[in-house]
Structures are given as C-alpha cells and as structure tokens.
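Observations on the three-dimensional arrangement
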Amino acid sequence: MIDFSVMNMKSEVVNMFDEKSEMKILGNDYLQLSLNEATLVEMKLKKADKLLADSSEYIVYVVKTFGVEPKHSIVKTYTSKWTPLGEIALGQYLKFLVSWKDDVSDESLDFKGFLNNNVSIVASLCSDDNSMLLTPFLYSLTNDEKTKIEEKFTLKTFKIKL
C-alpha cells in the first residue's frame, strides 16, 4: 500500500476476505486505513511528555471504528515499541456529547438511562493536530424514538486534546 501511495496511485488492495482495503492517509505522524466497508483504523504518533517505562519517547494512539449502523470505536494507547498503555473509556465523555434542552421536564429524565443504552461514541483522530473528535451515534431506535430524543436532547461533537 505504501508503494502505491508513493507512486501517487490509489492505495487499494483486495484482502484475504475478498474485500477492498485502502490506505487513505499516510502522514509523518498519522495513518488512516480502511480495512473494509465497516472497519476503519487510525493511528496517531505523539511525543510523550516524559520518557515512558520502556524508554520510548512516543505514544501511539490507535482508534478502531467498527460497524455501519451502529458504529462503535475503541481507543487504545501504546508506546512506540508497542507496549500497551491502556484503553481510553469513551463512555466517560457522554455528558459532554449530550445536553438536555431547557424545557426538559422531570418525565424526560427517564431518557438518561435510555441514552446510556442507545448511544455509542465514534472517535476520530485529527490528522493536523494532537486531538480527537468524539461524536455520539444513536442506534436501535425507531423513527418516533429518534424524534422524541431530538426534541429533548442536543447531541454534539466534542474535541479532546491527546
């Protein structure tokens, strides 16, 4: 794929599952791969604030986004020597992605639990800076339920610094 990219050709191959995989973006510190129609992998390299336990100077952020509907992301961090550092729990950011409108009545507060069970968070690394966008994604809802949610809540994208 890298050879294709260097030659200014589309970096696309047919993988072992007879699906198309493509290297969409290759930069000095950012990589985006589409493994198939439902799987996207992003990697971002960031200089660590201090020397890491395995003597690495860089952190690698890896975002794997799966699915068509619903979509779901997993964010893991590694040293540049691929020593696992941990997973970023995206659920902790739900309160920043969903805001209740001013006219929400007490009856609407039942939707808090409903949202926790029907919202996934899709992450996307920013190629031009050291940040990540988090976007809420509603799933398993009828059109009536979606309309009710939109009347009571505002869903928004949130940017966090890495």
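Residues numbered from 1 in each chain as written. Predicted model: local features only at pLDDT ≥ 70, side-chain atom pairs only at ≥ 80, totals over all residues. Heavy atoms only, no water.

1. Things to note about the packing of aromatic side chains
Tallied over the full model, the rule gives four aromatic pairs. Through a chain of ring-to-ring contacts, three or more aromatic side chains come together here, namely Y93, F96 and F158. For K47, the ring lying beneath its charged end belongs to Y58, and the centroid distance is 5.2 Å. (Phe/Tyr/Trp six-rings, centres within 6.5 Å; stacked < 30°, edge-to-face > 60°. Lys NZ or Arg CZ within 6 Å of the ring centre and 35° of its normal.)

2. Notes on the nonpolar core
Ranked by size, the top nonpolar core spans 26 residues in total, and within it M132 and L134 carry the most contacts. When contributions to this core are tallied by element, the ones reaching two or more residues are β5 (58-66), α2 (94-97), β9 (119-125) and β10 (131-138). In terms of residue count, β9 provides more of this core than any other element does, four residues in total. If near-sequence neighbours (up to four positions away) are discounted, L134 is found in contact with L90, Y93, L97, I121, V122, A123, K156, T157, F158 and I160. (Core = buried A, V, L, I, M, F, W, Y, C linked by side-chain atoms within 4.5 Å. Buried < 20%, exposed > 50% of the residue type's maximum accessible area, 1.4 Å probe, protein only. Helix = DSSP H or I, 4+ residues; strand = E, 2+ residues; numbered from the N terminus. Contact = heavy atoms within 4.5 Å.)

3. Observations regarding the environment of Y93
With respect to the helices and strands, Y93 occurs in the loop between β7 (84-88) and α2. Distance from Y93 to I121, taken between C-alpha atoms, is 8.6 Å for residues 28 residues apart in sequence. Setting aside its immediate chain neighbours within four residues, Y93 contacts I88, L134, F158 and I160.

4. Some words on the sheet that holds strand β12 (residues 158-161)
Pairing in this open sheet of three strands is antiparallel, and the strands run β9-β10-β12 from one edge to the other. Two strands lie at the open edges of the sheet, namely β9 and β12, each paired on one side alone. Going across the sheet, the axis of each strand differs from the next one's by a mean of 30°, ignoring polarity. Bridging between β9 and β10 involves seven bridges; their strand directions are antiparallel. The residue of β10 that forms the bridge with I121 is P136. (Pairing = 2+ DSSP bridges. Axes fitted to C-alpha atoms, helices over the stretch in contact; angles between N-to-C directions.)

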